[in-house]
Amino acid sequence: MNNEIDRLTELFRDILEKPDLILVPELDGKSEEKWDSFSHINLMIAVEEEFELTFTPTEIEESRNAENLVKIMAEKGSNIHW
Amino acid sequence: MTHPSQSAAVTWQFSEQDQLWFANFSGDFNPIHVDSVQARRTLFGTQVVHGIHLVIGALNSICQNMTGLRKIVRLDTQFIAPVLIGDTVQLFVQDMSGDHEDQISWITNHGRNCAKMKVSFEQDTRQSINLPISVEKLVCHEASEEDYLHGGGSLPLFLNGAELSEKYPDLARVVCPLQIAQIIATSRLVGMQLPGLHSLYNGLSVEFSQSEPDAPSELTYQTLRYLPRYKRLKLSLASAGLTGTLEASVRPTPITQPKMAHITNLVQSKAWKSKRAIVIGGSRGLGEAAAKILAAAGAEVLITYLAGENDANAVAEDIRSAGGCAEVLRYDVLKPNEPDFKKLAAFGPDLVCYFATPKILLNTSGFSESKHDFYAQYFVTGMWNLVTGFLGANTGPFRLFNPSTNYIDNVVPGALEYAMAKADSEVLCNYMAEEFNNVSCCSRRLPPIKTDQSVSLLHKEVGDAVSELLPILLGDARSV
């Protein structure tokens with residue numbers, strides 16, 4: 001995993017209030033109960049600020065699992081990969 | 001977040017009276033807090049406790065063991081999830097001794113954090129504060145995108161010290177009244193002004209310093225940032241001795257169904273001419289769309305509602321203005337009363353569409369027997385009582401349309417009990433069709449459809465009610 005994944009993990013830990021969370025591609029709203037629509041918006045705003053990205057409404061909806069989120073961030077030029 | 005040895009400082013359950021108390025105390029009369037009929041059409045389906053009421057309650061508990069006068073130096077609070085009227089929530093405070101100047105507290109709802117707060121105090125030498133005990137009530141403002149982008153203004157401060165002392169005596173005893181007035185003013189700002197009518201309060205972050213004695217008693221605000229894709233605002237705040245920011249969201253507006261003028265253009269058939277249809281739960285959403293489709297297809301329609309009398313009358317008026325026939329009746333499927341039921345039975349339906357549904361909240365995981373029973377009361381017991389009641393009243397043969405859900409085939413998190421109860425309703429329909437000569441049934445598993453039930457903070461592509469229901473009501477649901 002690269003440093004960008006570590007930075008993203010910190011955002012997840014902070015917003016989902018899970019200090020031990022390990023970010024894996026399979027993580028989504030089904031496996032993580034706290035990842036609901038409220039926390040998703042907080043997460044996406046935090047990702048935009050931290051990584052200096054802007055998501056479209058469709059990308060915001062499609063980013064509700066970690067694999068898609070990382071893929072979309074990479075497509076937007078972030079040097080992030082698993 | 002809760003330490004295993006930590007016990008709750010307070011357990012709260014907020015009632016209708018508590019909601020009204022805080023609305024009067026703060027001036028925040030947003031309907032999501034105080035109007036059960038309007039609140040049922042919001043994201044949460046019921047009244048939401050004012051976030052700042054939680055903060056005031058938490059501060060009161062923190063002040064319980066404090067002696068002398070204190071001034072808040074810094075307050076950070078985040079509202080993570082809504083607390084609904086009737087919810088039992090618990091306040092946890094890191095240290096209740098009153099010895100620490102920094103206090104962290106959080107509020108949980110069924111073990112899940114819904115608000116957290118960090119507050120710092122210092123000793124205070126109280127100055128006399130001259131604040132009005134009330135100000136003119138604001139009209140809840142329906143703000144525009146322009147307001148969100150460039151909003152700004154000021155609100156006068158007020159504080160009813162007697163009310164505060166009675167309800168939250170430790171807070172009134174310890175904390176500077178001006179600061180309490182400033183904190184509650186932020187609730188009025190969000191709920192009544194900006195974002196106003198369609199608002200959600202996300203969080204507050206303020207710092208306090210010494211205020212000038214003659215500083216104006218008002219809270220000024222200005223949009224710092226608006227993110228349209230998230231409908232999220234950040235406002236700057238300033239008041240006597242206060243600077244900070246707050247974050248708020250624009251919540252989705254209630255979903256409206258197309259007018260009859262539009263639906264009559266889509267419905268060419270008069271398949272229901274000279275037939276009578278009862279639409280249980282027809283004041284909005286799928287029921288509203290079904291009532292209009294059936295009326296457009298020639299049916300005489302009786303629309304029932306539980307709480308939305310005005311909504312139901314508006315649907316009926318729309319149907320009548322397009323030349324259709326529609327009546328309205330209040331009917332509670334959980335507590336049907338004899339006179340209302342007699343009126344329903346006397347209508348002599350050829351079709352009964354059963355849309356009675358409570359708010360579906362997809363906010364828990366696992367299985368809850370009580371949640372299943374709650375839904376089953378509507379989808380199974382209510383339907384059984386209605387159908388067997390009609391049979392007992394000899395209303396004649398009729399067809400029953402049971403709108404089910406495709407969550408039965410593809411269960412989504414939090415919807416397990418809802419899907420199970422809907423599956424039960426399908427079984428019940430099959431049984432009734434088999435056992436009762438005068439009843440035929442049509443259950444259809446519908447996808448998520450754009451209604452108040454499916455509304456979300458996130459952009460989601462879902463079907464529309466008329467497109468989904470039209471082929472069913474003009475096809476399979478027709479009389480056999």
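Everything below is about the structure shown above.
Below you will find a few notes about this structure. (Residues numbered from 1 in each chain as written. Chains lettered and ligands numbered in written order. Predicted model: local features only at pLDDT ≥ 70, side-chain atom pairs only at ≥ 80, totals over all residues. Heavy atoms only, no water.)

**A short note on helix α4 (residues 66-75) of chain A**
Residue and element names in this part refer to chain A.
Phase 1: Residues Ala66, Leu69, Val70, Ile72 and Met73 constitute the buried set of α4. With its buried residues spanning 165° around the axis, α4 presents them on a single face. In α4, the exposed positions that point more than 90 degrees away from the buried face belong to Lys71 and Glu75.
Phase 2: Buried residues along α4 sit in contact with α1 (3-15), α2 (37-51) and α3 (57-62).
Phase 3: Two to three positions downstream of the cap, the backbone nitrogen of Glu67 sits 3.2 Å from a side-chain oxygen, assigning the N-cap of α4 to Asn65.
Phase 4: Positioned one or two residues after α4, Gly77 has a phi angle of 105°, which is positive. (Buried < 20%, exposed > 50% of the residue type's maximum accessible area, 1.4 Å probe, protein only. Helix = DSSP H or I, 4+ residues; strand = E, 2+ residues; numbered from the N terminus. Arc of directions from axis to C-beta. Contact = heavy atoms within 4.5 Å. Polar contact = N/O pair within 3.5 Å; in protein donor to acceptor, adjacent residues only side chain to side chain.)

**Some words on the packing of aromatic side chains**
Phase 1: Across all of its chains, the model carries 22 aromatic pairs over all chains by this definition.
Phase 2: Ring plane angle 15° and centroid distance 5.9 Å describe the contact between Phe38 of chain A and Phe44 of chain B, whose orientation is recorded as stacked. With Phe38 of chain A in helix α2 and Phe44 of chain B in the loop between α3 (36-39) and α4 (51-63), this residue pair bridges two chains.
Phase 3: Between Trp384 of chain B and Phe436 of chain B, the aromatic rings sit 5.9 Å apart at their centres with planes inclined by 40°, giving tilted as the arrangement. Here the residue Trp384 of chain B occupies a position in helix α13 (residues 369-392), and Phe436 of chain B occupies one in the loop between α14 (416-435) and β16 (439-446), the gap between them amounting to 52 residues.
Phase 4: Among the aromatic residues, those joined into a cluster by ring pairs are Phe374, Tyr375, Tyr378, Phe379, Tyr407 and Tyr418 of chain B.
Phase 5: Directly above the aromatic system of Trp21 of chain B lies the positively charged group of Lys167 of chain B, at a separation of 5.2 Å from the ring centroid.
Phase 6: Against the face of Phe379 of chain B rests Lys422 of chain B, its NZ or CZ located 4.0 Å from the ring centre. (Phe/Tyr/Trp six-rings, centres within 6.5 Å; stacked < 30°, edge-to-face > 60°. Lys NZ or Arg CZ within 6 Å of the ring centre and 35° of its normal.)

**Quick look at the pattern of salt bridges**
All names here are of chain B.
Phase 1: Using the criterion set out here, one finds 29 salt bridges over all chains in the structure.
Phase 2: Two residues, Arg41 and Asp311, come together in a salt bridge whose shortest N-O distance is 3.5 Å. Of the two residues, Arg41 is situated in the loop between α3 and α4 and Asp311 in helix α11 (residues 309-321); the sequence distance between them amounts to 270 residues.
Phase 3: Across the pair Asp452 and Arg41 runs a salt bridge whose closest N-O atoms are separated by 2.7 Å. Here Asp452, found in the loop between β16 and α15 (465-473), pairs with Arg41, found in the loop between α3 and α4; they are 411 residues apart in sequence, far enough to count as distant.
Phase 4: Salt bridges here are not isolated pairs; linked through shared partners, they connect Arg40, Arg41, Arg284, Asp311 and Asp452. (Salt bridge = Lys/Arg side-chain N within 4 Å of Asp/Glu carboxyl O.)

**Notes on the interface of chain A and chain B**
In many reports, interface size means the accessible area that the parts give up when they come together.
Phase 1: Of the residues lining the interface, 21 residues belong to chain A; the matching set on chain B comes to 23 residues.
Phase 2: Between chain A and chain B the total buried area reaches about 2000 Å² when both faces are included, carbon and sulfur atoms providing 56% of it.
Phase 3: It is Glu17, Phe38 and Ile41 of chain A in chain A that bury the most area against chain B; as a group they hold 31% of the surface buried on that side.
Phase 4: Our count for the chain A to chain B interface comes out at four salt bridges.
Phase 5: Residue Glu48 of chain A pairs with Arg229 of chain B through a salt bridge whose shortest N-O separation is 2.4 Å.
Phase 6: For the pair chain A and chain B, the number of links is eight residue pairs in polar contact (both at pLDDT 80 or more).
Phase 7: For the side of chain A that touches chain B, the elements supplying multiple residues, two or more each, are α2 and α3 of chain A. (Buried area = accessible area lost by both parts, 1.4 Å probe.)

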